[in-house]
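Descriptive structure summary
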Amino acid sequence: MLHGVQETKDSEDDSLLGSDLGLREQKRIATKHRIEDAATRLVDESSFDAVTIEQICEAAGISRRTFFNYFSAKEGAVIGATSEPLTAEQREDFLDADGSNILHLMVKHIEQHLNASHQDEVIHERRQRIFAHPDVAVRAMAFRKERSQETMELITQRLTEHPEEQLNPELDPGTEAMLLSGFVREATWMAMSRPDRDCTLPMIDRIYRSMELIKNYTKGLEW
């Protein structure tokens, strides 16, 4: 009964918002945040395997149908939106985006993906504790490996279609995509997790700062 009532409420809210995309986007982000908040809180208090999607839906005040409008599986709500597959629209946006600076395009792409999920410090701290459990860490690594492979394939396609954007034309597009993906992936992870991160800065600024740190640090490496 709860599900039917909630689905009706969701539809009524959408009708009230009408064509106001700004409010609709705010509602979408708020709903996603409620789901992530409920999922991480429940798992943090119990364990990953003990928490069900039904319990997450009840705690977030949503229907099961609404849950799957935002996440493809429980892992996505617990681990985070960045573990979710890219949508067809996100892929097309990256491939068709104007601009010749591939690194800038990648960071903008990541920013858009992260903005789809509310960046909450409490949720982040819960995830840090949740990831400390070996079984969850393995799940998270598997999901992130899939997303990393997906990103590399997308970059390879872009560089193949736009060879003038390669930073090193002597490299195979797939090899350059691997290097670029690894560089930006680590910079993004540092922006989100480094102990001295400035959480008052916008995420995109934190990513660029981490990219600069990695670039400057690696200049001094020798072997």
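As the structure is a prediction and not an experimental result, all values here were calculated from the model. (Residues numbered from 1 in each chain as written. Predicted model: local features only at pLDDT ≥ 70, side-chain atom pairs only at ≥ 80, totals over all residues. Heavy atoms only, no water.)

**Side note on helix 8 (residues 121-131)**
To keep things clear, this is the line we draw: Relative accessibility thresholds used throughout: buried, under 20% of the residue-type maximum; exposed, over 50%; partly exposed, between the two (1.4 Å probe, protein chains only). Starting at the N terminus, helices and strands are each numbered in turn, a helix being any DSSP run of H or I of at least four residues and a strand any DSSP run of E of at least two. As used here, the arc is the angular range of directions from the helix axis to the C-beta atoms.
Of all the residues in helix 8, the buried ones are Ile 123, His 124, Arg 126, Arg 127, Ile 130 and Phe 131. All buried residues of helix 8 lie within an arc of 160° about the axis, which places them on one face of the element.

**Quick notes on the pattern of salt bridges**
Put simply, the rule reads: The term salt bridge refers to a pairing of a side-chain nitrogen on Lys or Arg with a carboxyl oxygen on Asp or Glu at a separation within 4 Å.
Following the criterion strictly, the structure yields 11 salt bridges and no others. Among the ionic pairs, Asp 37 bridges to Arg 126, the shortest N-O distance being 2.7 Å. With Asp 37 in helix 2 (residues 21-45) and Arg 126 in helix 8, the pair connects residues that are 89 residues apart, well separated along the chain. On the basis of relative accessible area, Arg 126 is assigned to the buried category, the value being 11%. Here Arg 158 ties to Glu 165 by a salt bridge, and the two come within 2.8 Å at their closest N and O atoms. The exposure classification of Arg 158 matches that of Glu 165, with both residues buried.

**Details of a negative patch on the surface**
As a reminder of what qualifies: Patch building starts from residues that exceed 30% relative accessible area and form no salt bridge, then joins like charges within 9 Å and nonpolar side chains (Val, Leu, Ile, Met, Phe, Trp, Tyr) within 5 Å. Each accessible area value is a Shrake-Rupley result obtained with a 1.4 Å probe; residue values ignore everything except the protein chains displayed when judging cover. All tallies of charge rest on Lys and Arg as positive and Asp and Glu as negative; His and the ends of each chain are not included. Charged side chains are reduced to one point each, which is NZ for Lys, CZ for Arg, CG for Asp and CD for Glu.
Taken together, Glu 89, Glu 92, Asp 93, Asp 96, Asp 98 and Glu 161 make up a surface patch of like negative charges. Examining the composition of the negative patch, we find that 4 residues originate from one element, helix 6 (residues 88-96), more than from any other. With respect to the helices and strands, Asp 93 occurs in helix 6. Its relative accessible area of 42% is what places Asp 93 among the partly exposed residues.

**Some points on the packing of aromatic side chains**
The following threshold applies: Whether two aromatic rings pair depends on their centres lying within 6.5 Å, for rings of Phe, Tyr and Trp, where Trp uses its six-membered ring; planes under 30 degrees apart make the pair stacked, over 60 edge-to-face, and the rest tilted. Two conditions define a charge sitting above a ring: the NZ of Lys or the CZ of Arg must be within 6 Å of the ring centre, and it must be within 35 degrees of the ring normal.
Following the criterion strictly, the structure yields 2 aromatic pairs and no others. Geometrically, the ring pair formed by Phe 67 and Phe 68 is edge-to-face, given 5.2 Å between the ring centres and 85° between the ring planes. Aromatic side chains Phe 67 and Phe 71 sit 5.9 Å apart centroid to centroid with 40° between the ring planes, which places their arrangement in the tilted category. Phe 71 matches Phe 67 in its accessibility class, with the two residues each being buried. Each residue in the set Phe 67, Phe 68 and Phe 71 is aromatic and connected to the rest through ring pairs, giving one cluster. Taking the ring centre of Phe 71 as reference, the NZ or CZ of Lys 32 above it sits at 5.4 Å. Seen from the ring of Phe 48, Lys 74 lies directly overhead, with NZ or CZ sitting 4.2 Å from the centre.

**Description of the environment of Arg 185**
Keep this limit in mind: Any pair of nitrogen or oxygen atoms within 3.5 Å is treated as a polar contact; in protein, a donor-acceptor pairing is required on top of that, and neighbouring residues in sequence qualify only through side-chain atoms on both sides.
By the element assignment, Arg 185 lies in helix 10 (residues 173-193). On the accessibility criterion, Arg 185 (39% relative accessible area) is partly exposed. Each C-alpha atom of the pair Arg 185 and Val 107 lies 9.7 Å from the other, and the pair is 78 residues apart in sequence. A polar side-chain atom of Arg 185 sits 2.9 Å from a polar atom in the side chain of Ser 148.

**What about a nonpolar patch on the surface?**
On the surface, Tyr 217, Leu 221 and Trp 223 cluster together into a nonpolar patch covering about 490 Å² of accessible area. For Leu 221, the position within the fold is in the segment after helix 11 (203-219). A residue is classified by how much of its surface remains accessible, and Leu 221, at 39% relative accessible area, is partly exposed.

**Focus on helix 6**
Among all positions of helix 6, only Gln 90, Phe 94 and Leu 95 are buried. Buried residues of helix 6, viewed axially, fall in a sector of 130°; they line one side. Of the residues in helix 6, the exposed ones pointing more than 90 degrees away from the buried face are Ala 88, Glu 89 and Asp 96.

**So, the confidence of the model for the chain**
Low-pLDDT stretches of the model should not have their predicted coordinates read in fine detail. Defined as follows: pLDDT measures how confident the predictor is about each residue, on a scale from 0 to 100. We call two residues contacting when some pair of their heavy atoms lies within 4.5 Å.
Here the chain averages 83 in pLDDT, and 86% of its residues register 70 or above. The secondary-structure element of the chain with the lowest mean pLDDT is helix 1 (residues 2-17), recorded at 42, while helix 3 (residues 53-60) shows the highest, at 97. Contacts from residues 1-20, a stretch scored under 50 in pLDDT, to residues over four places away or in other chains number 17 contacts.

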